[in-house]
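Coordinates in review
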Amino acid sequence: MKNVIVKVNDAVQTIAEHQVVTKDGQPTVIKAINKVNYELVDQATGRAPDHIITKRVGKDLHVLMEESGEESDLIIEGYYDEADSALIGMAEDGSYYYYIPDTGEVADFVTELAPGDIEGQALGGNAYQTPYWVGAVDEAGFGVLPWLAGLAGIGALIAALEDDDDSDSDSDSDSDSDSDSDSDSDSDSDSDSDSDSDSDSDSDSDSDSDSDSDSDSDSDSDSD
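Definitions and limits used
- Residues numbered from 1 in each chain as written.
- Predicted model: local features only at pLDDT ≥ 70, side-chain atom pairs only at ≥ 80, totals over all residues.
- Heavy atoms only, no water.
- Helix = DSSP H or I, 4+ residues; strand = E, 2+ residues; numbered from the N terminus.
- Buried < 20%, exposed > 50% of the residue type's maximum accessible area, 1.4 Å probe, protein only.
- Lys, Arg positive; Asp, Glu negative; His and termini not counted.
- Salt bridge = Lys/Arg side-chain N within 4 Å of Asp/Glu carboxyl O.
- Polar contact = N/O pair within 3.5 Å; in protein donor to acceptor, adjacent residues only side chain to side chain.
- Pairing = 2+ DSSP bridges.
- Phe/Tyr/Trp six-rings, centres within 6.5 Å; stacked < 30°, edge-to-face > 60°.
- Lys NZ or Arg CZ within 6 Å of the ring centre and 35° of its normal.
- pLDDT = per-residue confidence, 0-100.
- Contact = heavy atoms within 4.5 Å.

1. A closer look at the side chain of aspartate 73
With respect to the element layout, aspartate 73 can be found in the loop between strand S6 (60–64) and strand S7 (74–77). Lacking a salt bridge, the buried aspartate 73 has lysine 23 as its closest oppositely charged neighbour, with an N-O distance of 8.3 Å. Reaching out from aspartate 73, the side chain makes a polar contact with the backbone nitrogen of lysine 23 at a distance of 3.3 Å.

2. Some remarks on the pairing of strand S10 (residues 118–128)
Where strand S5 (residues 51–57) and S10 come together, 5 bridges link them in antiparallel fashion. Paired with isoleucine 53 across the two strands is glycine 120, which belongs to S10. As paired strands, strand S9 (residues 96–101) and S10 are joined by 5 bridges and run antiparallel to one another. Counted as the bridge partner of proline 101 is glutamine 121 from S10.

3. Quick look at the packing of aromatic side chains
The tally for this structure, following the rule as stated, stands at 3 aromatic pairs. Look at tyrosine 38 and tyrosine 79: their rings are 6.5 Å apart centre to centre, the planes differ by 50°, and that puts the pair in the tilted class. Taken together, the residues tyrosine 38 in strand S4 (residues 37–42) and tyrosine 79 in the loop between S7 and strand S8 (86–90) connect sequence positions 41 residues apart. On the accessibility criterion, tyrosine 79 (2% relative accessible area) is buried. Through a chain of ring-to-ring contacts, three or more aromatic side chains come together here, namely Tyr38, Tyr79 and Tyr80. The ring of tyrosine 80 has arginine 56 sitting right over it, with the charged end atom 4.2 Å from the ring centre.

4. So, the pattern of salt bridges
Per the counting criterion, the structure on display carries 4 salt bridges. Here glutamate 66 makes a salt bridge to lysine 23, at a shortest N to O gap of 3.6 Å. Residue glutamate 66 is located in the loop between S6 and S7, and its partner lysine 23 is located in the loop between strand S2 (14–21) and strand S3 (28–31); the two are separated by 43 residues in the primary sequence. Since its relative accessible area comes to 44%, lysine 23 is described here as partly exposed.

5. Quick notes on the environment of asparagine 126
Positionally, asparagine 126 belongs in strand S10. By relative accessible area, asparagine 126 is classed as partly exposed at 41%. In this structure the C-alpha to C-alpha distance between asparagine 126 and serine 95, which are 31 residues apart in sequence, comes to 9.5 Å.

6. With respect to the side chain of glutamine 121
One can find glutamine 121 in strand S10. Judged by relative accessible area, which is 0%, glutamine 121 ranks as buried. Polar contacts involving the side chain of glutamine 121 include one to the side chain of threonine 54, which spans 3.0 Å. A distance of 3.0 Å separates a polar side-chain atom of glutamine 121 from the backbone oxygen of aspartate 108.

7. Comments concerning the confidence of the model for the protein
Confidence in the prediction of the protein, expressed as mean pLDDT, is 77, and 60% of residues score 70 or more. With pLDDT under 50 throughout, residues 138–143 is counted as low confidence; its partners more than four residues away or in other chains account for 9 contacts. Here residues 152–167 scores under 50 on pLDDT; set against residues more than four positions off or in separate chains, the count is 18 contacts.

So this is what it looks like as structure tokens:
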């Protein structure tokens, strides 16, 4: 059995505290607040529990403070109405860390859990000097909540915002380096390698394969 204090921290201060007694069969139930960090403090150590179990039940977040526990110790009602708050705690080094999933996957973080998901969470990621809530930070041109920024899966979020999915540096979807949509390396829209718009391989604009501009196959400019 543990006694755990849950401190509700906004961007500048602690605005509420709740007492949680583990394994007593009586979960502590609180209402969710937007844009806060829920700081967990084990009264026996003065630090956060090293590992917790989280599960999503409808719109509510359930937390088990002990791995051997069977019943929820803390229920945050309406947490998933606006999932912009996180669980945080102080580690042995005196710094604060968010609880991040054992799997290291973005989809398993507390704010991202799907209904019915159960995931273990441990302190990890980037260190912070205070337990107060921090808003979205700019990562690769878009807002990322700070607890997600430290996860291995963040690369998948960044990749999803790329303009195209091919491996070259231009903005079209083929694999060559020019800006048209065919697969050759010239800038016209046909599939041969010369720069005119017809489909033969010479550089004039008619459809035969010689280099003059008439449509017969000899090299003079008349049509016979």
